[in-house]
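Below, each chain spelled out in residue letters.
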Amino acid sequence: MLRQCRIFDPDERINFAGNDYLGLSEDPRLKAAAIEAVERYGTGSGSARLVSGTQALTAHLEEKLAAFKSTESALVFNSGYQANVGLLQGLVGPGDWLFCDRLNHASLVDGCLLSGARWTRYRHLDLNHLEARLKDARPKRQPGHVQWIVTDSVFSMDGDYVDLKALTALARQYDAFVLIDEAHATGIFGPEKSSGLAEQYGVSREITLQMGTMSKALGGFGAYVAGPKVLIDTLINRARSFIYSTALPPSVIASDLKAVELVQSDPSMKTRLWQNIETFRQLLQEAGLPFDSQTPIFPCIMGEASTAVDVGNRLKDAGYFVQGIRPPTVPAGTARLRITLSASHQRHELEGLVSALRDVIPIQSQ
Ligand SMILES: *Cc1c(COP(=O)(O)O)cnc(C)c1O
């Protein structure tokens, strides 16, 4: 079965497939910031960051991101994909070791391949297995080379997350750097600033580099890498995806800046999102459906790819846009519906989806 880009029409269906978790992509305050930037600076940035594509607005965003993530410095990349590919290529090389969760995002996988380092994968969230891998590598390490533990913080297709306290303790014990991808945690986790899972676990200082995106909960586009200035300076000079690509348009930078301010100053969207997560969990349980999550991402495992696609299509017919996710995006035999919640969903929409799910899902016990 060929993959296709299906057209999503917001007037016809309710979106349960996006990553706009806080509903910020439609927020009037972000729109106003973007429009003002277009009026002032035009539509395009005109060149790469190291040429004339860095403006005061960009530098301001990078300062705000560093403060947001409690790091010394931060750098904006054009997308999360480019950030992961560029930072692994720019900082890691042959002779270094990478230890990766088996379900890491494809952009991290591609970055690992591009780095030329030795890399090994441990079972998903299995820190005992990670420790075994670290032990194995110990005698094989060459002097002068480093090792990195690389992981998503919240996993995009499973909606689960890593115990960063335990992971950073292991990193300390085995003298490894840590890179986390906060794409699905930024804006959602973190008691004070909502900056991500590192803040939630109180381990921001123990993580070497935190990357994340502005394209999901922050409702905009682009990505950040946050960490020590010496590493950020290295990336500016070495990360090819940073150097050889035109900078983001000013309107995108302006709405990202507004979003970073808003998630820290206005908790109302986050409160609504977590209320929706609780309501949805309850509705699923009451309906006897065996799906659950501690994040806005609910993986509903169907097994066969054809079942996931078929159920997704029937939900679309019922007015709910839910995507069936199949291999190779997820491991064979675990094709699923990936249902994602947003702060902008209304209770009756959650109820409607659960009742549609009951109608279309082939479950034995029902
Ligand atoms: C979406 C995503 C990315 C890529 O970010 P883009 O800005 O969409 O390129 C990277 N890592 C994870 C975990 C993601 O979910």
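K.L.:
Describe the sheet that holds strand 6 (residues 177-181), naming the residues involved and giving the relevant values.
P.N.:
The sheet built from seven strands is open, its strands ordered 2-8-7-6-5-3-4 with mixed pairing. Each end of this open sheet is capped by a strand with a single partner; those strands are strand 2 (73-77) and strand 4 (118-122). Within this sheet the neighbouring strands show an average axis-to-axis angle of 20°, counted without direction. In the sheet, strand 7 (residues 209-213) pairs with strand 8 (residues 223-227) via four bridges, with the strands oriented antiparallel. Looking at the pairing, Met211 lines up with Val225 of strand 8. Contacts between helix 5 (residues 127-137) and the sheet are confined to strand 3 (97-101), strand 4 and strand 5 (147-152), with strand 4 contributing the most and set at about 150° to the helix. With respect to the sheet, helix 8 (residues 229-238) is in contact with strand 2, strand 5, strand 7 and strand 8, its orientation differing from that of strand 2 by roughly 25°.

K.L.:
Account for the site of the ligand, naming residues and giving values.
P.N.:
Taken together, 14 residues lie around the ligand, and Gly80, Tyr81, Asp181, His184 and Lys216 are the ones closest in. A distance of 2.9 Å is found between an oxygen atom of the ligand and a backbone nitrogen or oxygen belonging to Tyr81. Here Lys216 contributes a side-chain N or O atom positioned 2.6 Å from an oxygen atom of the ligand. Contact with the protein chains covers 86% of the free accessible surface of the ligand, which is 380 Å². Classifying every residue of the shell around the ligand by side-chain character gives two nonpolar, nine polar and three charged.

K.L.:
Would you mind going over the sheet that holds strand 12 (residues 335-340) in detail, with residue names and values included?
P.N.:
Sheet strands line up and pair through hydrogen bonds in the backbone, either parallel or antiparallel. What the three strands build is an open sheet, ordered 9-12-11; its pairing is antiparallel. Two strands in the sheet have a free side with no partner beyond their single neighbour: strand 9 (297-303) and strand 11 (323-325). Neighbour-to-neighbour, the strand axes of the sheet open up by a mean angle of 30°, direction not taken into account. Pairing between strand 9 and strand 12: six bridges, direction antiparallel.

Rules behind the numbers
Sequence positions are assigned chain by chain, starting from 1 and proceeding in written order. For this predicted model, a pLDDT threshold of at least 70 governs which residues receive local features, and a threshold of 80 or more governs which side-chain atom pairs are given and counted, while totals over whole chains, interfaces and linings are taken from all residues. Water and hydrogen atoms were dropped before computing side-chain values, which therefore reflect all heavy atoms in the structure. Between any two strands, pairing holds if DSSP finds at least two bridges. Helix and strand definitions here come from DSSP, where helices need a minimum of 4 consecutive H or I residues and strands a minimum of 2 consecutive E residues; each element is numbered from the N-terminal end. For helices, the axis comes from a line fit to the C-alpha atoms of the stretch in contact; other axes are also lines fit to C-alpha atoms, and the angle between any two N-to-C directions lies between 0 and 180 degrees. Contact between two residues is taken to exist if any of their heavy atoms lie within 4.5 Å; hydrogens are not considered. Only a single heavy atom is needed: when it lies within 4 Å of a molecule or strand, its residue is near that molecule or strand. Polar contact is defined as a pair of N or O atoms within 3.5 Å, subject to the rule that within protein one atom must be able to donate a hydrogen and the other to accept it, and that residues adjacent in sequence are counted only when both atoms are side-chain atoms. Shrake-Rupley sampling with a 1.4 Å probe provides the accessible areas, and residues are treated as covered by the protein chains on show and by no other component. For this classification, the nonpolar set comprises Ala, Val, Leu, Ile, Met, Phe, Trp, Tyr, Cys and Pro, the charged set comprises Asp, Glu, Lys and Arg, and every other residue, Gly included, is treated as polar.

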